[in-house]
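# Structural features, examined
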Amino acid sequence: MQYQPDHSVLKDKIILVTGAGDGIGKEAALTYAQYGATLILLGRTLSKLEDVQEEIITSGGQQPMLYPLDLLTATENDFQQFADTLVKRFPHLDGVLQNAGLLGVIEPIINQPSNLWHDVMQVNVNATFMLTKALLPLMLKAPHASLILTTSSVGRRGRYGWGAYSVSKFATEGFMQVLNEEYNESTLRINCINPGGTRTAMRASAFPDENAQKLKTPKDLMPLYLYLMSDDSIDVKGQSLDAQPGRKAGPAE
């Protein structure tokens, strides 16, 4: 996507990014800050969030708020406490990128460990639901809020071995569609992004023998992430968009 907006396109916007410590989440946070947003960085590891915070400040961005939280063990009460904390500091939320996710194992269903299946569903589905539920009131207070969920090509068509991750992304697509129906008449817009094969640690664990140099970097994908978070996408609702249109699923060739 060739999207090159003015560098103040996100000025005064308050944006939350989950999984902000590395990979696509980190790059999105850096990009949003570069374009003027105030960031809230949520992730499991505080030291990683602090590194992102330092990069943002060093680059001239506004100091982000850090909130370490493990989505695997977080309860509904934990998410509500997080939302209550935000209410005390911010008037609303202009954007939320739900980027955090758990891969599980690439194995046939019969070989999927039940405990790991539950973990993937907890992070990718249940935590997404609980966090969204807690944050909806803050997003609805914004003039035009954007909620971006992270999907995958295996969440549109199942593939051999992708088990829990694939099923969780089918759930993500359904969650987005239901929310879109429920809030279609509001100022809140909800969409999905499928990043496609990207040079991240999660990708490396899924395809350990792949030549990572043939993959796009998280930075290469940022035009779509920036577009959907900006007011230029106010009329885009209920869409599942590819950050790499036309890319063939599977290992890089």
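See above for the structure.
Let me begin by describing the structure that accompanies this report. Along each chain, numbering runs from 1 in the same order as the chain's sequence is written. Two thresholds apply to this predicted model, a pLDDT of at least 70 for residue-level local features and 80 or more for giving and counting side-chain atom pairs, whereas whole-chain, interface and lining totals are computed over all residues. Side-chain measures were taken over the full set of non-hydrogen atoms in the model, leaving aside hydrogen atoms and water.

### Description of the nonpolar core
We define the nonpolar core as a collection of buried residues of types Ala, Val, Leu, Ile, Met, Phe, Trp, Tyr and Cys that are connected through side-chain atoms lying within 4.5 Å of one another. With a 1.4 Å probe rolled over the protein chains alone, any residue whose accessible area is under 20% of its type maximum counts as buried; one over 50% counts as exposed, and the rest are partly exposed. In this structure, I40, F79, F82, L86, L93, L135 and M139 are the most contacted members of the largest nonpolar core, which totals 35 residues. Elements supplying a minimum of two residues to this core: β1 (14-18), β2 (38-43), β3 (65-68), α3 (76-89), α4 (114-140), β5 (146-150), α5 (163-183) and β6 (189-194). At nine residues, α4 tops the list of elements feeding residues into this core. Note on definitions: a residue-residue contact is assigned when non-hydrogen atoms from the two residues lie within 4.5 Å. Among all residues touching F82, those that are not within four sequence positions of it are L16, I40, L42, Y67, L131 and L135. If you look at the next biggest cluster of nonpolar residues, it comprises 32 residues, including I15, L66, L97 and Y225. Secondary structure follows DSSP: runs of H or I at least 4 residues long count as helices, runs of E at least 2 residues long count as strands, and numbering of each begins at the N terminus.

### So, the pairing of β3
Two strands qualify as a pair provided DSSP detects at least 2 bridges between them. Taken together, the four bridges between β2 and β3 define a ladder with parallel strand orientation. Bridging across to β3, L42 finds its partner in Y67. By the criterion used throughout, a crossover qualifies as right-handed when its path from the first strand across the helix to the second strand runs clockwise, the strands pointing away from the viewer. Handedness of the crossover joining β2 and β3 through helix α2 (residues 46-58): right-handed.

### Some details on the packing of helix α1 (residues 23-34) against α2
Axis geometry follows a simple rule: fit a line to the C-alpha atoms, using only the stretch in contact for helices, then measure angles between N-to-C directions, giving values from 0 to 180 degrees. For the pair α1 and α2, the least separation of the axes is 10 Å and the interaxial angle reads 25°. Taken together, the axes of α1 and α2 are roughly parallel relative to one another. Viewed along their axes, α1 and α2 form a crossing whose handedness is right-handed. In this structure, α1 contributes K26, A29, L30 and A33 to the contact, and α2 contributes V52, E55 and I56. Ten residues, namely Ala, Val, Leu, Ile, Met, Phe, Trp, Tyr, Cys and Pro, are considered nonpolar, four, namely Asp, Glu, Lys and Arg, are considered charged, and the remaining ones, Gly among them, are considered polar. Of the residues assigned to the contact of α1 with α2, the class counts are five nonpolar, no polar and two charged. Each angle is binned into one of four classes, with values under 35 degrees roughly parallel, values over 145 roughly antiparallel, values of 65 to 115 roughly perpendicular, and all other values oblique. Working rule for handedness: look at the near helix, and if it is turned counterclockwise from the far one by less than a right angle, call the crossing left-handed; if clockwise, right-handed.

### Focus on the pairing of strand β4 (residues 95-98)
Side chains of β4 alternate between two faces, with G95 and L97 and V96 and Q98 buried alike. Pairing between β1 and β4: three bridges, direction parallel. Within β4, the residue paired with L16 across the bridge is V96. Pairing analysis gives four bridges linking β4 to β5, with the strands arranged parallel. Paired with Q98 across the bridge in β5 is L149.

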